[in-house]
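Understanding the architecture of this molecule
Residues per chain, in single letters:
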Amino acid sequence: MSGNGDSTSRRALVALGRDPLAVTGGVVLVLLVVAGLAGSWLAPAGINEVDVDRMLQSPSWAHPFGTDELGRDVLSRVLVAARVSLQVGAVSVGIALLAGVTLGLFAGYYQGWLDNVLMRCMDVLFAFPVLLLAVAIVAVLGPGLSTAMVAIGVVYTPIFARVTRAGVLSVREQVFVRAAVATGASDLRIMRRHVLPNIAAPLIVQTSLSLAFAILSEAALSFLGLGVQPPEPAWGRMLYDGRGFVTDAWWLGFFPGAAIFLTVLAFNLVGDALRDVLDPRQLTVSEARRNAG
Amino acid sequence: MTGESVATDAVAELTDLAVWFPTPAGVVHAVDGVSLTVRRGETLGLVGESGSGKSTTGLALLRLVEPTAGTVQVAGQDVTRWSRRRLRRLRRRVAMVFQDPQASLDPRHTVGASIAEPLAVHRLAASGAARRDRVAELLDLVGLRRDLAERHPHELSGGQRQRVGIARALAGEPDLIVLDEPIASLDLSVQAQIMNLLRGLQRELGLTYLFIAHDLAAVEHMSDQVAVMYLGRIVESGTPAQIWREPAHPYTAALLSAVPVADPPVQRGRQRIILAGDVPSPIDPPTGCRFRTRCPQARPDCAQTDPVLVEIGSGHQAACLFAGEAVRAMRAQPVNASSP
C-alpha cells in the first residue's frame, strides 16, 4: 500500500498547497505545534512568576499580552497552555479514534445483531449534547486533565464509529474483499489489510475536524473548572479567570480566547480542505480518468 | 460419508446442490439441484445466462455461499459442513479468478502484495525473501515482468491485471481453479491471450478448471466437459463435440445459434433461434420445465412434468421431455422459433 498510498497522499498534498485557506490553517497549526513543544522555552517569563508590583498591566513591549491579576505574564501562559490543548486534542481524539474505528469496523463488517447493539449504544451517546455528556463523565470520574481527556474521547467515539461503519459497509461489498475471503484470509486480516486502508481518507478528515472540537471541549471544561486545575495554565481556565476583569483588563480574556479561536479555525480549515482533496468520489473520478487515459 | 461416492479422479463434486437466498421479495432459488463432477486435469465449462446460477455454483465450491441443500466435496472430502476455521484450508485447495480484474484487486495493494496474499494467509513462505522469490516465479508463469510486483493495479492494463489475478490463484498451488468469466470484461484481442495463457498453464502445471462463461463460444476450445445451466438447473451436459453436434435441449440449441460463425455464407444461411422474453424470476420459477415459458417447442406436458437429466448418449445428458426431438423440430420450423 506504500506506493499508492504515497502517490495518493502526494496528490493530496499538492492539492492542499494550492488552497490558500488550507495553507493558512497549516501555518497556524505549525506555530501551534512549535508553541506546544517549546512553549516553556519560548516564554519570556515563568508561568507562575507572581509579581504584585505589575498586576493587571495592559499589553506593552515588556508584556505583549499584558499581565494578569497576580502579575503573571499572559503571553507566557498562553504559549505554555498550547501544550495542554494539543495534548488533550491528541489524546482524546486518539481514544475516540481507537474506540470508534474498532467498534465501527466490527459493526460494519459483521452487521446483524452486533451492528445493531453497537450502533444503538453509539446513538445513545450521540443523543446527548457533547458538553453535557462530557460534564457528566467528568462529574463521575472527578475533575482533572486525564479525566477530561477520557470524557472528550468518549464523547467523540460515536462519530468515528459512524464514519468507519459507513466506509466499511461500502468497502466490504467490493470484489477485492470477496477475493481476499476466497484466498482464505481471516476476518481480522481482511479488516486490517483491505478494509482499513480503503477507508483512511474519511477518517483522516474526521480526525482533523474532531481535533478542533476536542480542543474547544477542553476549553469549555476548563472554563467550568472541570479540566486542567490551576495554577497549571489552560486557555479555557484563563478565559474563566479573565471574565471578572472584562471591563478593566480585556487582555486577560482576549488572548486565550483568540488562541482557542485560531486553533479551532486552523483545524477546521485544514479538515475542510482535506475533505475536498480526499473526497472518495473525486479520487474515483481522477483514478477513472487515469485508467481511461 | 466422506468420499465413497467420489470417483478417484474427481477433484470436486457437487451433489444435488441447492443455494437459496431469502430476500424481502421471496426466496431466490439461485441454484436448485445441481450435480456435477470436475475431474483432475480437466476443464469443466459451465455455461448460462446471467441469473442462471452458474456463478453461485462456482462460489459454492469455495463455500463462499452457504449451500441450502446437497453436498460439496473437494479432493475426496465432504466440505459442506466445514467450520470457518477449516474453510481456510478449503480455500487453499480451491482458488478463484474473478470476472473484473480491476475490481478484484485491492487498489491500495501492490501487485506483489496481491499475489503474495495466499502465501501469507497459508504461511507458505518461510521468509520475506522466499515470498518475493515465489512472487517473481508466479509473475514469470503468467508472463509478466518481475518489476511489476512493485506497481499498483491502476498502473496496469486490463490484461495485465487479469494475469495478476491468475497468479494470485496459482500461488497456493490449488487442486481446482474456479474461473468466473475470466475474459468477459477484457478487450477481444486480450481475451485470446488470456485464454492461451490459461491453456498453457493447464498443460504445464496439470491444472483443473471450472470455467464459467455466459456463451458457449468461450468454452468450446477449452473444455473437456460442458454443462449448460438455466434458472438454477443443469439442462444439458456432455463433451463439447456432443453439445455442438447434437444439442438435445432447446435452450442449448438457442445458445449455439447465437455463436457467430466466422464464415459469411454459412453465417447467412444459418437459422438463428431468438428466445422471447427474459429469464423468469428465480423467486417463482415456472412449474414443470423451467424453460417452457421461453421454449419455442413447449407442449402441454412441459407445464406438468419437471424433466430430470437423462442419459441420451454416452456421457451426454439432457433435461428435456422431448430431448433431441424438440431441437429437430425447432430447426425444421424456423417460424415457430423466431419472434420479434
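Values in this document were obtained by computation on a predicted structure and should not be read as measured data. By convention here, each chain's residues receive numbers from 1 onward along its written sequence. Following the order in which they are written, the chains are lettered starting with A and the ligands numbered starting with 1. Side-chain atom pairs in this predicted model are given and counted only at pLDDT of 80 or more, local residue features only at pLDDT of at least 70, and totals for whole chains, interfaces and linings cover all residues.

Points about the overall build of chain B
On a plain count of helices and strands, chain B comes out with 14 helices and 12 strands. Here the radius of gyration uses the C-alpha set of atoms, whereas the globule reference equals 2.2 Å times the residue count to the power 0.38. In terms of C-alpha radius of gyration, chain B reaches 21 Å, essentially the compact-globule figure of 20 Å for 340 residues. Over its C-alpha atoms, taken along the principal directions, chain B stretches across nearly 65 × 50 × 40 Å. Any two residues are considered in contact once their C-beta atoms, placed from the backbone, lie within 7 Å. Partitioning the intrachain contacts of chain B with sequence separation of at least 6 by distance along the chain shows that 66% fall at a separation of at least 24. Helix numbering and strand numbering both begin at the N terminus, where a helix is a DSSP run of H or I of at least 4 residues and a strand a DSSP run of E of at least 2.

So, the overall build of chain A
Broken down by element type, chain A carries 12 helices and zero strands. The linear arrangement of helices and strands in chain A, starting from the amino end, is α-α-α-α-α-α-α-α-α-α-α-α. Based on the C-alpha atoms only, the size of chain A along its principal axes is roughly 75 × 45 × 30 Å. When contacts within chain A are restricted to residue pairs at least 6 apart in sequence, long-range pairs at least 24 apart make up 70% of them.

Re the sheet that holds strand β12 (residues 316-318) of chain B
Residues and elements named next belong to chain B. A sheet is described by the order of its strands in space; here eight strands give the open sequence β6-β7-β8-β3-β9-β10-β12-β11, paired in mixed fashion. The strands lining the two open edges of the sheet, one partner per strand, are β6 (94-97) and β11 (310-313). Taking each pair of neighbouring strands and ignoring which way they run, the sheet shows an average axis angle of 25°. The sheet contact formed by β6 and strand β7 (residues 176-180) spans four bridges and is parallel. Counterpart to Val97 in the pairing with β7 is Leu179. Paired strands are those between which DSSP finds at least two bridges. Angles here are taken between N-to-C directions and fall from 0 to 180 degrees, while the axes themselves are lines fitted to C-alpha atoms, restricted in helices to the stretch in contact.

Some points on the packing of helix α3 (residues 74-110) of chain A against helix α9 (residues 200-223) of chain A
All names here are of chain A. Interhelical geometry of α3 versus α9 gives an angle of 130° and a closest axis separation of 8 Å. Regarding the angle of α3 to α9, the classification is oblique. Where α3 crosses over α9, the handedness of that crossing is right-handed. Contacts from Ser85, Val88, Gly89, Ser92, Val93, Ala96, Leu97 and Val101 of α3 reach α9 at Leu203, Thr207, Ser210, Leu211, Ala214, Ile215 and Glu218. Tallied by class, the residues present in the contact of α3 with α9 amount to nine nonpolar, five polar and one charged. Each angle gets one of four labels, with under 35 degrees taken as roughly parallel, over 145 as roughly antiparallel, 65 to 115 as roughly perpendicular, and the rest as oblique. Here a crossing is taken to be left-handed if its near helix is turned anticlockwise relative to the far helix by less than a right angle, and right-handed if that turn runs clockwise. When residue character is reported, Ala, Val, Leu, Ile, Met, Phe, Trp, Tyr, Cys and Pro are called nonpolar, Asp, Glu, Lys and Arg charged, and the others, Gly included, polar.

Topic: the pairing of strand β3 (residues 43-47) of chain B
Residues and elements named next belong to chain B. Taking burial as the measure, the five residues of β3 include five buried ones, the bulk of the element. Put plainly, a residue is buried at 20 or more neighbouring C-beta atoms within 10 Å of its own, exposed at 12 or fewer, and partly exposed in between, counting only other residues' C-beta atoms, which are placed from the backbone. Neither face of β3 is open: one carries Thr43, Gly45 and Val47, the other Leu44 and Leu46, and all of them are buried. Pairing of β3 with strand β9 (residues 225-230), which is carried by four bridges, proceeds in the parallel orientation. What sits directly across from Val47, in β9, is Val228.

Describing the nonpolar core
Ranked by size, the top nonpolar core spans 179 residues in total, and within it Leu61, Leu176, Leu210 and Val228 of chain B carry the most contacts. The dominant element in this core, judged by the number of residues it contributes, is α3 of chain A, at 17 residues. Those residues in contact with Leu210 of chain B that sit more than four places away from it in its chain are Val38, Leu44, Leu46, Gly58, Leu61, Leu176, Val178 and Leu179 of chain B. Any nonpolar core is a set of buried residues, restricted to Ala, Val, Leu, Ile, Met, Phe, Trp, Tyr and Cys, that join up through C-beta atoms within 7 Å.

Quick word on helix α5 (residues 128-141) of chain B
Residues and elements named next belong to chain B. Between its first and last C-alpha atoms α5 spans 20 Å; for 14 residues at 1.5 Å apiece the expected length is 20 Å, and the two agree. Residues of α5 that are buried: Val135, Leu138 and Leu139. Projected onto a plane normal to the axis of α5, the buried residues spread over an arc of 100° and lie on a single side. Projecting away from the buried face of α5 at angles above 90 degrees are the exposed residues Ala129, Ala130, Asp133 and Asp140. In this structure, the buried residues of α5 make contact with α4 (111-121) and α6 (158-171). Gly143 lies just past α5 and shows a positive phi near 75°. The span expected for a helix works out to 1.5 Å for each residue beyond the first. Regarding the arc, it is the one traced by the directions from the helix axis to the C-beta atoms.

Overview of the sheet that holds strand β2 (residues 26-39) of chain B
Residues and elements named next belong to chain B. Judged by pairing direction, the sheet is antiparallel, and its four strands sit side by side in the order β2-β1-β4-β5 without closing on themselves. Looking at which strands have only one partner, the edges of the open sheet turn out to be β2 and β5 (77-78). In this sheet, strand β4 (residues 69-74) lies alongside strand β1 (residues 10-23) in antiparallel orientation, the contact comprising five bridges. Bridging from a neighbouring strand, Ala18 pairs with Ala69 of β4. Sitting on the sheet, helix α1 (residues 54-61) is in contact with β1, β2 and β4, with an inclination near 115° to β1.

Some thoughts on the interface of chain B and chain A
In this complex, chain B contributes 23 residues to the contact, which on the side of chain A involves 22 residues. Its residues placed into classes, the side of chain B that touches chain A shows nine nonpolar, six polar and eight charged.

A closer look at the confidence of the model for chain B
Residues and elements named next belong to chain B. Confidence scores per residue from the predictor, reported as pLDDT, run from 0 to 100. Mean pLDDT over chain B stands at 88; residues scoring 70 or higher make up 95%. Segment residues 335-340 is flagged for pLDDT under 50; beyond a separation of four residues in sequence, or across chains, it makes eight contacts in the model. With a pTM of 0.82, the predicted complex shows an ipTM of 0.86.

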